[in-house]
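Results of the structural survey
Here's the letter readout for the chains.
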Amino acid sequence: MTLNDLRQSIKGRVVLRGDECFDDARRAWNRAVDQPVLAVVEVYDAEDVATLVTYARQERLTVTAQQSGHRPSGDVEGVILLRTERLNDVAVNPDTRTARVGAGAMWDQVLMAGSPHELAGLAGSSSVVSVLGSALGGGAGWFGRKYGFAANSVRAFDAVDADGLPIRVTADSDPDLFWAMRGGGGDFAMVTAMEFDLLPMPALYGGRMLWAVDQAPRVLDAYREITANAPDELSAWFTLLHLPDSPPLVTVAATFLGGPAEARSLLRPLDDIDGVIADSRCVIPVGELGGICAESVDPGPELWRTELLTGLDDRAAQLLLAKPIDPLTSVQIRHLGGALAVDPPGGGAVPALAAPYMLAMLGTPRDLAATAAVRAKMNEITDTLGDYLTGTKPYTSLAPGEDVSLTFPESTLVRLRALKRSLDPHNVFRGKFPILR
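Note that this is a predicted model, so its numbers are computed, not measured.

With that settled, consider the sheet that holds strand E1 (residues 13-16). Strand order in the open sheet formed by four strands is E1-E2-E4-E3, and the pairing between neighbours is mixed. Because the sheet does not close on itself, it has two edges, and the strands there are E1 and strand E3 (63-66). Taken pair by pair, the neighbouring strands of this sheet meet at an average axis angle of 20 degrees, ignoring direction. Relative to strand E4 (residues 80-83), strand E2 (residues 39-42) is paired through four bridges, and the arrangement is parallel. Among the inter-strand pairings, Ala39 is bridged to a residue of E4, identified as Ile80. Most of the contacts of helix H3 (residues 46-58) go to E4, to which it runs at about 170 degrees, and overall it touches E2, E3 and E4.

Tracing the chain through its elements places Thr407 in the loop between helix H12 (368-384) and helix H13 (410-423). A distance of 2.7 Å separates the side chain of Thr407 from the backbone oxygen of Lys393, its partner in a polar contact. Apart from residues no more than four positions distant in its own chain, Thr407 is found in contact with Pro351, Lys393, Pro394, Tyr395 and Leu398.

This part takes up the nonpolar core. Counting 78 residues, the largest nonpolar core has Phe143, Phe157, Met194 and Phe196 as its most contacted members. Among the elements that line this core, the one with the most residues is H3, at six residues. Contacts of Phe143, omitting those with residues within four sequence positions, involve Ala120, Gly121, Leu122, Gly148, Met201, Leu204, Thr255, Leu257 and Leu289. Core analysis: the next-biggest nonpolar cluster, separate from the first, contains 40 residues, Met209, Leu220, Val252 and Ala263 among them.

Here the structure, examined in full by the defined rule, presents 31 salt bridges. Among the ionic pairs, Lys11 bridges to Glu47, the shortest N-O distance being 3.0 Å. With a gap of 36 residues between them, Lys11 in the loop between helix H1 (3-6) and E1 and Glu47 in helix H3 connect regions that are remote in the sequence. A relative accessible area of 42% means that Lys11 is categorised as partly exposed.

End to end, H13 covers 20 Å across 14 residues, agreeing with the expected 20 Å (1.5 Å per residue, within 8%). Where H13 is buried, its residues touch helix H7 (175-181).

Next up on the list: the side chain of Thr62. Relative to the helices and strands, Thr62 resides in the loop between H3 and E3. Overall, the relative accessible area of 12% leaves Thr62 in the buried class. Within the structure, the side chain of Thr62 is placed 2.7 Å from the backbone oxygen of Asn427, a separation counted as a polar contact. Every residue in contact with Thr62, bar those within four places of it in the chain, is listed here: Val79, Ile80, Asn427, Val428, Phe429 and Arg430.

Here the focus is the sheet that holds strand E5 (residues 90-93). Working definition: the strands of a sheet are paired by backbone hydrogen bonds and lie parallel or antiparallel to each other. Taking strand neighbours across the sheet as the criterion, the five strands line up as E5-E6-E10-E8-E9 in an open arrangement whose pairing is antiparallel. Looking along the sheet, the strands with just one partner apiece sit at the ends: E5 and strand E9 (166-169). Ignoring which end each strand starts from, the neighbouring axes of this sheet average 15 degrees apart. Two strands pair when backbone bridges link them, and E5 and strand E6 (residues 98-102) are joined in this way by four bridges, in the antiparallel orientation. Across the sheet, Asn93 pairs through a bridge with Thr98, a residue of E6.

About the criteria used
Residues numbered from 1 in each chain as written. Predicted model: local features only at pLDDT ≥ 70, side-chain atom pairs only at ≥ 80, totals over all residues. Heavy atoms only, no water. Pairing = 2+ DSSP bridges. Helix = DSSP H or I, 4+ residues; strand = E, 2+ residues; numbered from the N terminus. Axes fitted to C-alpha atoms, helices over the stretch in contact; angles between N-to-C directions. Contact = heavy atoms within 4.5 Å. Polar contact = N/O pair within 3.5 Å; in protein donor to acceptor, adjacent residues only side chain to side chain. Core = buried A, V, L, I, M, F, W, Y, C linked by side-chain atoms within 4.5 Å. Buried < 20%, exposed > 50% of the residue type's maximum accessible area, 1.4 Å probe, protein only. Salt bridge = Lys/Arg side-chain N within 4 Å of Asp/Glu carboxyl O. Expected span 1.5 Å × (residues − 1).

What follows is the structure, given as structure tokens:
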């Protein structure tokens, strides 16, 4: 069977090189990353997934899955890109406090479905990213300090194995594979649906404050004071922000799993800073979680780089603020710790984050010259903060060209690679950042 013949066996759409719509079909949401794939298959259902995997195994081809491609690796030369947008069903069970989602479901769907029941999953800053992608890569979101990684909230995966057969993966059915799929990437099976725990969210306080960038030293001092003794229910992110055609700003975004009075008390150091431009903090429904940081929901070019920081003392703060961030769009510090720093009993392959803070840099270049300038600025910042970098990174924060050895300890890598060789000896599946090269 050829790729062209595959069109007769797939209910969804098969797009091949030479087709007029091929370039659009293979394009990632992040326009800065090229995807030189062999073909694109937009599956209609789980049966299509099984058909495609069977074909790929027989033809010694490799398949990689992608919902939209917010942070693609670009490491897809010659592979088949499986698009999961149509597998987007979401079902919330308020009695069991669980959700079942298709592989193409987005976080905004889960948040909106859970909101009437005061339930939420472990979502991150953007609500228009894949729920499954978060879990396969770990997922350190707004409520991670209290509840840990999204990967460890998973109860079951429905998937297709390397032989093209449907499987259900749980802690009881296959503990090794269940462990690997929770934070170890997408190298072991092709997931079609996932079930995970939802968390009670009767009270959620959240929002963002903005000032002109000249207040950055005072804002960062207040941020460090707040995060030094913050309870696990509080998550706060500090951002230097410079949007195109706008003056540079400094912001603090926060969520608190509790009432407004206690939240205001914990965040009081921010209220003493003059010149606040906007303050959106209030009690919010769970469905509005994704709007706190006002991240773009439209496709465009993005370059990112993430580092983990050993601390944020006076010297680190001075180094961070020493120069303007231009031409970057944002430089963000996220407070970690809490449950993110613990390997829970029975947890998945996602490793705990011992670092107290994460540094995330983002640029949105429009041409090659701007791309070079963005990369140079990121290098400058990381070189300046070099003494504070751990040298490790979360899986979901890896950038193109980086390797999973930056995420997993050697003992975890050995176990993951052994499972990969056992379960997928012909390398039918490729995760975003492959376990095996």
